[in-house]
Amino acid sequence: MPKDKREVGFVGLGLMGLPMSRRLCLGNYIVTVWNRTKTKTSQALAAGANLADSPSELAQRNSIVFLCLTDAEAVEDVLFRKDGIANGGPGKIIVDHSTIGPTAAKEFATRLHEKHDIRYVDAPVTGGVIGATEGTLTIFAGGHASDIQTVRPALSLMSGRVLHMGGHGAGQTTKLCNQVMVMNTFVTMAEMLKLAENGGVDATQIPKILADGFANSRVLELFGERMARRDSEITGLLAVAQKDLDLIQALGKETSTALPMCGTATELMRLAVANGLGNSDITQFIKIYD
Ligand code: NA7
């Protein structure tokens, strides 16, 4: 093995995790991967990754382990199941890119530290699949500065900006603030595009037309035209957006913050999921107006 190579583990090769793990492979890291659905590991293996048989085996082989999983239930399962990461030995750092909210992040940090002598960094991301592929994600990190410093070189391969926001959970809280803007923009954008259609203008042109004005946003740039076309390519699941809105609502309740706009967005997104759109791309949200 070349001396300048470092070894890390990556668990969760979904829409985000796969391109993130590939950035590490491209950046001179030896990456061991594990994914619940084994067939989804083939692209990572083609990029040079190794395969572990279980999360605990992966953790035995690596002192830094990245997670990118659906939700807190998935993270808990991968960490604490019988052959989970916590049983892979002490002294390692878990960097969790999943969006799970601050309460779960703090709980996992405490449990890992007190029962397993494992350190935890919450490190949710923004920038989508395109940011993951190009290594331009923004990472909101929560945890100890020394742990974030240790993993910063690897994070820099996935991210243009690694921001240490505070103690455990602070990365998650920042990500949920980000999602307040992102989710409300998605919902409002669908409404706006439908109004354009019903008003007789070409909705697919609207994102480009608005690009130089105050209405522009990264969401409008990346998803506006696709939403207008009902482009069904999957870049992020609507059910995952619903999960983020539920986490925002929980944080609002916990902090006595009124979030009426998010409340509306949450219920509309829930309606979309109830109408069978949960496993569709988030752009398909516009179909509730069709
Ligand atoms: P995806 O593409 O739905 O990927 C989710 C990943 O989580 C995928 O690897 C899943 O494995 C894995 N997963 C889900 N539940 C479990 C359990 N119980 N055990 C093990 N692995 C599990 O989501 P994204 O990549 O878009 O997003 C990931 C996170 O980043 C999410 O928190 C977003 O909000 C931000 P599978 O392949 O289904 O077997």
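Use the structure listed above.
We now turn to the structure provided with this report. (Residues numbered from 1 in each chain as written. Predicted model: local features only at pLDDT ≥ 70, side-chain atom pairs only at ≥ 80, totals over all residues. Heavy atoms only, no water.)

The next point concerns the layout of surface pockets. Volume-wise, the second largest pocket comes out at about 180 Å³. Considering the residues around the second largest pocket, the lining is formed by Leu13, Gly14, Leu15, Leu18, Pro19, Arg22, Lys40, Gln43 and Val129. Tallied by class, the residues present in the lining of the second largest pocket amount to 5 nonpolar, 2 polar and 2 charged. (1 Å grid on protein atoms, 1.4 Å probe; cavity = no way out; pocket = protein on both sides within 12 Å on 5 of 7 lines; lining within 4 Å. Points joined across faces, edges and corners; volume = space filled by probe spheres on them. Nonpolar A, V, L, I, M, F, W, Y, C, P; charged D, E, K, R; others polar.)

A word on the packing of aromatic side chains. Within the structure shown, the criterion is met by 5 aromatic pairs. Considering the side-chain rings of Phe80 and Phe108, the 6.1 Å spacing of their centres and the 45° angle between planes classify their relative orientation as tilted. Taken together, the positions of Phe80 in helix α4 (residues 72-80) and Phe108 in helix α5 (residues 102-116) put the pair 28 residues apart, joining distant regions of the chain. The pair Phe80 / Phe108 is uniform in exposure class, with both members buried. (Phe/Tyr/Trp six-rings, centres within 6.5 Å; stacked < 30°, edge-to-face > 60°. Helix = DSSP H or I, 4+ residues; strand = E, 2+ residues; numbered from the N terminus. Buried < 20%, exposed > 50% of the residue type's maximum accessible area, 1.4 Å probe, protein only.)

Most of helix α1 (residues 17-26) sits out of view: 7 of its 10 residues are buried. Among the residues of α1, Gly17, Leu18, Pro19, Met20, Ser21, Leu24 and Cys25 are the ones counted as buried.

So, about the nonpolar core. Soluble globular proteins tend to pack their nonpolar side chains together in the buried interior. If you look at the biggest cluster of nonpolar residues, it comprises 31 residues, and the most contacted ones within it are Phe10, Met20, Leu24, Val31, Phe66, Val95 and Leu155. Counting residues per element, the ones that place at least two in this core are β1 (6-11), α1, β2 (29-34), β4 (64-67), β5 (93-96), β8 (137-142) and α7 (145-158). With 5 residues, α7 is the largest single contributor of residues to this core. Not counting residues up to four positions away in its chain, the partners in contact with Met20 are Phe10, Cys68, His97, Val125, Ala132, Leu137 and Met158. Counting residues in each nonpolar core, the second largest holds 30 residues, with Leu176, Ala196, Phe223 and Leu251 among its members. (Core = buried A, V, L, I, M, F, W, Y, C linked by side-chain atoms within 4.5 Å. Contact = heavy atoms within 4.5 Å.)

This part covers unusual backbone geometry. Of note, Asp117 is a non-glycine position whose phi angle comes to about 55°, a positive value. Here Asp117 lies in the loop between α5 and β6 (119-122). The partly exposed category is assigned to Asp117, whose relative accessible area is 45%. If you check the backbone angles, Ser256 has positive phi at about 50° while not being a glycine. Position of Ser256 among the secondary structure elements: in the loop between α11 (238-254) and α12 (260-277).

A complete count under the given rule lists 0 disulfides for this structure. There is no disulfide at Cys68, and the cysteine sulfur nearest it, in Cys25, is 15 Å away. Cysteine Cys177 shares no disulfide, and the gap to the nearest cysteine sulfur, in Cys262, comes to 9.7 Å. (Disulfide = S-S within 2.5 Å.)

Taken as a whole and judged by the stated rule, the model has 17 salt bridges. Between Arg230 and Glu197 there is a salt bridge whose closest N-O contact spans 2.5 Å. Linking Arg230 in the loop between α10 (218-229) and α11 with Glu197 in helix α8 (residues 170-198), this pair joins segments that are 33 residues apart in sequence. Taking relative accessible area as the criterion, Glu197 reaches 26% and is therefore assigned partly exposed. (Salt bridge = Lys/Arg side-chain N within 4 Å of Asp/Glu carboxyl O.)

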